[in-house]
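Structure at a glance
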Amino acid sequence: MTNVIEAEQRSFMTGNEVVAWAALAAGAEFMYGYPITPQNEIMHYWTRLAPKFKRGFLQTEDELSAGFATLGGVMAGRKSFCATAGPGNVLMQEPISMAEMMRIPAVWFIQQRGGPSTATVIYSQQETRLTCLGGNGEGNRLVYSTASHQEVFDYAIKAFNNAWNYRFPTFVLGDGYQAKMREAVTLYDPAQRGIELHGTSRMLGRSSKQLDGQQVRHYRNTFNIEEELYETLMQHIADWDHMAEEVVEWAWEGDEEPDLLLVAHGVVSRAVYAAYEHLKSAGYNVAYFRPITLRPFPVAALQRAAGRCRQLLVAESAYGQLLSLVRDSLYGKTCAPIEGLLRPGLGITEELVVEWAQRLLARVG
Amino acid sequence: MNKKHWRIVVAGEGGQGVQLIGEILAESAFRAGKEAIYIPNFGVEQRGGVSIAMVQIAEQALGAPKFEKADILVPLSERAVERTLAYIKRDTFYIYEASAIAPPQLLDATVGIQAWETVAPEAFSLAVGSKPQAPSRPPADMGLMPDRTIGIPAAEIARAELKPRVFNIIILGAILAASGVLSLAMVQEGMLAKLGDKLRRDPELKQLNLRALDRGWAYVTEAVRRETNR
């Protein structure tokens, strides 16, 4: 495979462009897609770049088939991915559920837009719950929530590697801001950073010679008996739990017994981190926590961060989707009140977080 | 020049080249080794065809792409003035278009059009009005510092001396001279990089853009000098 990035390169580009470069650098071989704003430019850039590096692209007739075609690509042994947003993400939950059931390591890039339905083409964090738990199963997925272009690049590489390593559908969850804004990013060849790219193998279509003594596997999506399904699922859940311990990620900074713990994910965590620094330098006793993996959620880490805090503020561009994950994690572990700064479909600024935080801090004075 | 974190809002009618101003500012800052974010078209102020570019430039890593108050505010039409009032603080550099030439306006009554959606050209032409407009001066009661409020008749200069299409580059030069956010040399480099292919194919256009940038810069520098000498 041609080397995509010869030397480390500092570039200034949109997040959608970063996704295309990251997928190339991660060794992705095929993208399947169907247009929807704000992820269209992922497809545009990929189709421009892919031929130069002998990679492929197929636009299907809708999101359902784009999702299923991605699974087909993976089953044929190709590192395949898909990108979508909003209603497209809703439609893709069926192929994503199949990927959970059949343990197909497909990778999705989600650029959240306003919801429900068509809503806005701009931005939100309203696909948090959908991306984590949207299927008709248990949410056996890996979901990274990125906050900057550099993270989009870094976690895209990680997403492909962990998908093929653990064989669960894997997501890089971005949003319209990250998709459309321009900022600096360092593009690099993973090998030069000592990151080994995970290999691929065919799930279907191997000749008896290629099988080389291995047993033929039957990838099942349908079960006749309750117990059969139960046993299969419990094995998947055990595998997922094992993966969870190895891949779970978060960021935590600040006092261990804060008057206020600020919690956010994705691009909102940038506003919240800036607010945290502002409050800290103003002499407040505060802390900052950000889940980087939303599935698995960093439950134990959040419990430690929140164990001795006096109150929490959860900020998100949705109406309680992160908040419910936080509450679930902390049930029975803290008596601290949990407030929500909830702005469905609307961006959150540093100034707004500071204002809310100061009001809450005045309360515990 | 020593200010650490610049928050910039440029707003105007679709077709005035607002987004390009934002893109060139951000690209230039990046090339000068600074941190920069550019984000297009957000907020209620964009309703009905007003185009907004938000840029941040700093020496340190940047936080959220959205912000509440602007250090530099550049509204280029009457509607853009109204819709960006919330970004004003006392020490905002307010750079406005002082010509009486009205840009075509996408009318507010045109519903369902969003900046990123593909719109049929005929939908645009039906929605464009052409009423004359007053300069995009700041409202008197906003408490702005007078020496930070600078008007430039960029549309008139563009029409009389250059070409109407470089209106936005004249504004860009004016922004630099008024605020000192980046040096002229930094932005010359950023502009040439941003418009690279286009300008390489057309050396005349390259000269036109460089002259427009200089002209905007010179006009405001001279205006500021006259003001201080008075």
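Residues numbered from 1 in each chain as written. Chains lettered and ligands numbered in written order. Predicted model: local features only at pLDDT ≥ 70, side-chain atom pairs only at ≥ 80, totals over all residues.

Right, let's get into the overall build of chain A. Regarding its fold elements, chain A presents 14 helices and 14 strands. The C-alpha radius of gyration of chain A comes to 21 Å, within 12% of the 21 Å expected for a compact globule of 365 residues. Oriented by its inertia axes, the alpha-carbon framework of chain A measures out at about 75 × 50 × 40 Å. Looking at chain A as a whole, 52% of its 365 residues qualify as buried. A fraction of 82% describes how many contacts in chain A between residues 6 or more apart in sequence connect residues 24 or more apart. (Helix = DSSP H or I, 4+ residues; strand = E, 2+ residues; numbered from the N terminus. Rg over C-alpha atoms; globule rule 2.2 N^0.38 Å. Buried ≥ 20, exposed ≤ 12 C-beta atoms within 10 Å, placed from the backbone. Contact = placed C-beta atoms within 7 Å.)

What follows deals with the overall build of chain B. Along chain B, the regular secondary structure elements total 8 helices and 8 strands. Taking all 230 residues of chain B together, the buried fraction comes to 47%. In chain B, once contacts between residues fewer than 6 apart in sequence are set aside, the share between residues at least 24 apart is 73%.

Residue and element names in this part refer to chain A. Taken in spatial order, the 7 strands of this open sheet run β3-β2-β4-β5-β7-β6-β12, and their pairing is mixed. With one partner strand each, in any of the chains shown, β3 (56-59) and β12 (293-295) form the two edges of the open sheet. Each adjacent strand pair in this sheet contributes to an overall mean axis angle of 25°, direction not counted. Of the strand pairs in this sheet, strand β6 (residues 142-145) and β12 are connected by 2 bridges, and their pairing is antiparallel. Paired with tyrosine 144 across the strands is threonine 293, a residue of β12. (Pairing = 2+ DSSP bridges. Axes fitted to C-alpha atoms, helices over the stretch in contact; angles between N-to-C directions.)

A separate point is the interface of chain B and chain A. Each partner contributes residues to the interface: chain B has 19 residues there, and chain A has 20 residues. If you list the elements that add at least two residues to the side of chain B that touches chain A, you get α1 (18-31) and β2 (35-40) of chain B. It is β2(B) that provides the largest number of residues to the side of chain B that touches chain A, a total of 6 residues. Pairing analysis gives 2 bridges linking strand β8 (residues 182-187) of chain A to β2(B), with the strands arranged antiparallel. Following the sheet pairing, Arg182(A) is matched in β2(B) by Tyr38(B).

A few words now on the nonpolar core. Counting 169 residues, the largest nonpolar core has Ala22(A), Ala23(A), Ala156(A), Leu262(A), Val272(A) and Ala174(B) as its most contacted members. Two domains each provide a minimum of three residues to this core, namely domain 1 (9-192) and domain 2 (250-364) of chain A. Beyond its immediate stretch of four places on either side in the chain, Ala22(A) contacts Val152(A), Phe153(A), Ala156(A) and Ile157(A). (Core = buried A, V, L, I, M, F, W, Y, C linked by C-beta atoms within 7 Å. Domains from an automatic or database assignment.)

We now examine the confidence of the model for chain B. Residues and elements named next belong to chain B. Of all residues in chain B, 82% have pLDDT values of 70 or greater, and the mean over the chain is 85. Taken together, the stretch residues 111-127 has pLDDT below 50 and engages in 16 contacts with residues farther than four places along the chain or on a different chain. Among the prediction metrics, the complex's ipTM stands at 0.92, with pTM recorded as 0.93. (pLDDT = per-residue confidence, 0-100.)

All names here are of chain A. Spatially, the 5 strands line up as an open sheet ordered β9-β11-β10-β13-β14, and their pairing is mixed. Sheet topology places β9 (250-254) and β14 (338-342) at the edges, where each strand pairs with a single neighbour. Taking the axes of each pair of neighbouring strands and ignoring which way they run, one obtains an average angle of 15° across the sheet. As judged from the 3 bridges shared by strand β10 (residues 260-263) and strand β13 (residues 312-316), these two strands associate in the parallel manner. When the sheet's bridge partners are listed, leucine 261 is paired in β13 with leucine 312. Lying over the sheet, helix α11 (residues 268-281) contacts β9, β10, β11 (286-291) and β13, oriented at roughly 165° with respect to β11.

The next subject is the domain arrangement of chain A. Residues and elements named next belong to chain A. What the domain assignment reports for chain A is domain 1 (9-192) and domain 2 (250-364). Placing the centre of domain 1 and that of domain 2 at their C-alpha centroids yields a distance of 27 Å. Tallying the contact residues gives 22 residues for domain 1 and 19 residues for domain 2. Contributions of two or more residues to the side of domain 1 that touches domain 2 are made by α6 (128-133), β6, β7 (170-175) and α8 (176-180). By residue class, the composition of the side of domain 1 that touches domain 2 is 9 nonpolar, 10 polar and 3 charged. (Nonpolar A, V, L, I, M, F, W, Y, C, P; charged D, E, K, R; others polar.)

When strand β2 (residues 30-33) of chain A meets β3(A), the two strands line up parallel, connected through 4 bridges. Paired with Gly33(A) across the bridge in β3(A) is Gln59(A).

Next up on the list: the pairing of β10(A). All names here are of chain A. On β10, burial covers both faces: Leu260 and Leu262 on one face and Leu261 and Val263 on the other are all buried. Bridge count for β10 against β11 is 4 bridges, and the pairing is parallel. Across the sheet, the residue bridging to leucine 260 is valine 286, located in β11. Handedness of the crossover is the feature at issue here: the chain leaves β10, passes through α11, returns alongside β11, and the resulting connection is right-handed. (Right-handed = clockwise from strand over helix to strand, strands pointing away.)

So, about the environment of Met92(A). Residues and elements named next belong to chain A. For methionine 92, the position within the fold is in the loop between α4 (86-91) and α5 (93-102). Given 30 C-beta atoms within 10 Å, methionine 92 falls into the buried group. The spatial distance from the C-alpha of methionine 92 to the C-alpha of alanine 244 is 23 Å, given a sequence separation of 152 residues. The contacts of methionine 92, once residues within four sequence positions are left out, are Glu63, Gly67 and Thr84.

For the rest of this paragraph, the subject is the environment of Val172(A). Residue and element names in this part refer to chain A. Structurally, valine 172 can be placed in strand β7. Judged by C-beta crowding, with 31 C-beta atoms within 10 Å, valine 172 ranks as buried. For valine 172 and proline 258, which are 86 residues apart along the polypeptide, the C-alpha to C-alpha distance reads 31 Å. Here valine 172 is in contact with Phe109, Tyr144, Thr146, Val152, Tyr155, Ala156 and Ala159, once residues within four sequence places are set aside.

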